[in-house]
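Residue-level structure breakdown
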Protein chains: 2
Amino acid sequence: MPKIVDHAQRHTEIVHALWQVIYLKGIDGVSFRSVAEAAGISIGRVQHYFPSRSELILEGCRQIVDSAEAAGPEGADASSAPGSAEAVSALREFCFAFIPAGETMRIGASVWYTYVARAVMDEQIADIIRASDRATLELGVRLYRAVVGGDGAADADDAAGTGGTGGTDASDGADGTKGEAVTAWAMRMIALGKGLAQEVMLDERSAASAKAILEAELAPLVAH
Amino acid sequence: MPKIVDHAQRHTEIVHALWQVIYLKGIDGVSFRSVAEAAGISIGRVQHYFPSRSELILEGCRQIVDSAEAAGPEGADASSAPGSAEAVSALREFCFAFIPAGETMRIGASVWYTYVARAVMDEQIADIIRASDRATLELGVRLYRAVVGGDGAADADDAAGTGGTGGTDASDGADGTKGEAVTAWAMRMIALGKGLAQEVMLDERSAASAKAILEAELAPLVAH
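Residues numbered from 1 in each chain as written. Chains lettered and ligands numbered in written order. Predicted model: local features only at pLDDT ≥ 70, side-chain atom pairs only at ≥ 80, totals over all residues. Heavy atoms only, no water.

Named according to an unreviewed UniProt entry, chain A is HTH tetR-type domain-containing protein originating from Brevibacterium permense.

Here's the deal with helix α10 (residues 207-222) of chain B
Residue and element names in this part refer to chain B. Between its terminal C-alpha atoms α10 stretches 21 Å, which fits the 22 Å expected from 16 residues at 1.5 Å a residue. The axis of α10 is deflected most strongly, by about 30°, at A216, and proline P220 appears within four residues downstream. What α10 keeps buried is the set A210, I213, L214, A216, E217, L218, A219 and L221. (Helix = DSSP H or I, 4+ residues; strand = E, 2+ residues; numbered from the N terminus. Expected span 1.5 Å × (residues − 1). Bend = angle between axes of the 7 residues up to and from the residue. Buried < 20%, exposed > 50% of the residue type's maximum accessible area, 1.4 Å probe, protein only.)

Details of the relation of the copies chain B and chain A
Its rotation angle being 180°, the transformation that places chain B on chain A also includes 0.0 Å of axial translation and leaves an RMSD of 0.0 Å. What we have between these two chains is a two-fold relation. Taken as a fraction of all interface residues of chain B, those also at the interface in chain A reach 100%, which identifies the copy contact as same-surface. (Least-squares fit on C-alpha atoms with pLDDT ≥ 70 in both. Contact = heavy atoms within 4.5 Å.)

Quick notes on the side chain of R106 of chain A
Mapped onto the elements, R106 of chain A comes out in helix α6 (residues 102-119). From its side chain, R106 of chain A meets the backbone oxygen of M201 of chain A in a polar contact 2.8 Å long. Every residue in contact with R106 of chain A, bar those within four places of it in the chain, is listed here: P100, V200, M201 and D203 of chain A together with V120 of chain B. (Polar contact = N/O pair within 3.5 Å; in protein donor to acceptor, adjacent residues only side chain to side chain.)

Points about the UniProt feature "domain: HTH tetR-type" (unreviewed entry) in chain A
Within the UniProt annotation, "domain: HTH tetR-type" (unreviewed entry) is assigned to residues 8-68 of chain A. From the first C-alpha to the last, residues 8-68 of chain A spans 19 Å; its make-up is 80% helix and 0% strand. (UniProt positions renumbered as here; feature names shortened; annotations may be inferred.)

Some remarks on the nonpolar core
In this structure, V35, Y115 and I125 of chain A together with V35, Y115 and I125 of chain B are the most contacted members of the largest nonpolar core, which totals 77 residues. Once residues lying within four places of it in the same chain are set aside, the contact partners of I125 of chain B are I27, I57, L58, C61, Y115, R118 and A119 of chain B. Grouped together as the second largest cluster of nonpolar side chains are 59 residues, L91 and V147 of chain A together with L91 and L221 of chain B included. (Core = buried A, V, L, I, M, F, W, Y, C linked by side-chain atoms within 4.5 Å.)

As for the UniProt feature "DNA-binding region" (unreviewed entry) in chain A
According to UniProt, the "DNA-binding region" (unreviewed entry) feature falls on residues 31-50 of chain A. For residues 31-50 of chain A, helix accounts for 75% and strand for 0%, while the C-alpha atoms at its two ends are 11 Å apart.

Re the domain arrangement of chain A
Residue and element names in this part refer to chain A. Each assigned domain of chain A is listed here: domain 1 (1-51) and domain 2 (73-222). Both sides together, the interface formed by domain 1 and domain 2 hides about 630 Å², and carbon and sulfur atoms give 71% of it. Among the residues domain 1 hides against domain 2, the three largest losses belong to I22, Y23 and I27. Together they make up 75% of the total. If you look at where domain 1 meets domain 2, you find 1 salt bridge. A salt bridge links D28 to R118, with the nearest nitrogen and oxygen atoms 2.3 Å apart. Our count for the domain 1 to domain 2 interface comes out at 1 residue pair in polar contact (both at pLDDT 80 or more). Of the residues assigned to the side of domain 1 that touches domain 2, the class counts are 5 nonpolar, 1 polar and 1 charged. (Domains from an automatic or database assignment. Buried area = accessible area lost by both parts, 1.4 Å probe. Salt bridge = Lys/Arg side-chain N within 4 Å of Asp/Glu carboxyl O. Nonpolar A, V, L, I, M, F, W, Y, C, P; charged D, E, K, R; others polar.)

Here it is, written out as structure tokens:
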């Protein structure tokens with residue numbers, strides 16, 4: 001019987017081997033040889049899937065971004081009834097997805113921070129991360145709107161703690177929702193999630209403690 | 001005239017060369033040779049100051065932590081009058097110190113994230129980072145208390161958005177301040193600062209925008 005090798009699976013195995021190399025030796029430790037050794041396959045096989053070392057490194061970044069996005073809420077959108085339990089639970093899941101749980105995710109987070117550190121000098125990596133962060137912000141805004149509804153302006157102001165700053169009182173569109181306040185809330189939650197993720201990765205804080213802090217931010221929305 | 005070399009200055013130059021190597025090649029690119037080349041001195045000279053490669057790497061982490069702490073508010077403590085302009089300004093400076101400003105600090109942030117990524121597998125680096133984060137939290141708690149004063153319990157609850165969660169109503173000590181709420185506020189601001197720092201480093205957000213988000217968190221305290 002001919003040996004059937006699934007293309008996508010082999011591709012994934014190589015990316016996992018790449019992450020292992022980055023975790024252990026950093027991005028500069030990546031070569032066709034080191035990745036082939038980690039994957040237990042020939043160098044030629046790696047080259048068959050990835051034309052260049054730099055394409056391999058970029059693909060590793062794209063996949064880690066994709067896997068983070070996949071960990072977010074499934075099929076959640078603004079179509080749920082405003083303030084419904086489904087909408088709140090989708091927003092909660094979105095916030096909790098920042099927090100690495102378990103050893104595998106801690107290693108994944110380490111690889112992620114290696115890419116983040118490299119992005120300062122590598123525009124291609126920076127572009128991938130920025131695009132992902134833009135998509136994350138859009139999703140956060142959509143999920144937050146689904147919770148507070150079209151007239152959630154006051155809630156947004158309260159929850160974002162921007163009520164005292166003034167100057168953001170212009171309505172944004174016919175639905176009356178203050179776009180700036182909604183975006184500010186999402187930006188703040190995302191930054192908070194990123195900061196907490198770092199502390200969980202470093203074992204300074206448990207995943208449960210990070211989630212409790214995020215939950216406290218959601219509480220004023222849930223109480224409504 | 002004999003050449004006078006200042007020990008501390010040479011030590012600092014070697015650490016700066018080390019950061020440059022880490023920025024360009026990662027921690028695995030660090031060797032006595034690569035650091036000597038970056039510093040423009042002999043390998044023997046580097047070894048004179050640092051007995052081992054791993055001690056050099058750890059010292060680079062300690063110094064980056066020290067430089068971050070030095071960027072914080074000077075001599076700020078809880079001795080200022082509660083709610084005084086000095087107390088508020090010290091707390092603001094503490095929050096703003098997370099945000100990298102300018103190209104040099106972006107490179108420093110990249111080196112910092114390289115250490116953070118490595119900490120997952122290196123307990124000695126993790127210990128340095130955790131000790132620094134503990135000190136940062138203590139400072140944040142002290143500065144926050146200086147703003148809200150001994151009876152700042154209600155303020156703390158409001159500002160931390162934990163008012164709706166309940167269960168944290170026990171007073172902490174004779175001064176009547178709810179220790180848990182104060183700590184929660186500081187933990188939250190620090191995590192937020194870390195997350196925003198990452199976005200500024202990646203040029204996703206300006207330093208001014210990050211500071212505006214932090215300022216909005218401070219607004220309820222200043223209004224008092």
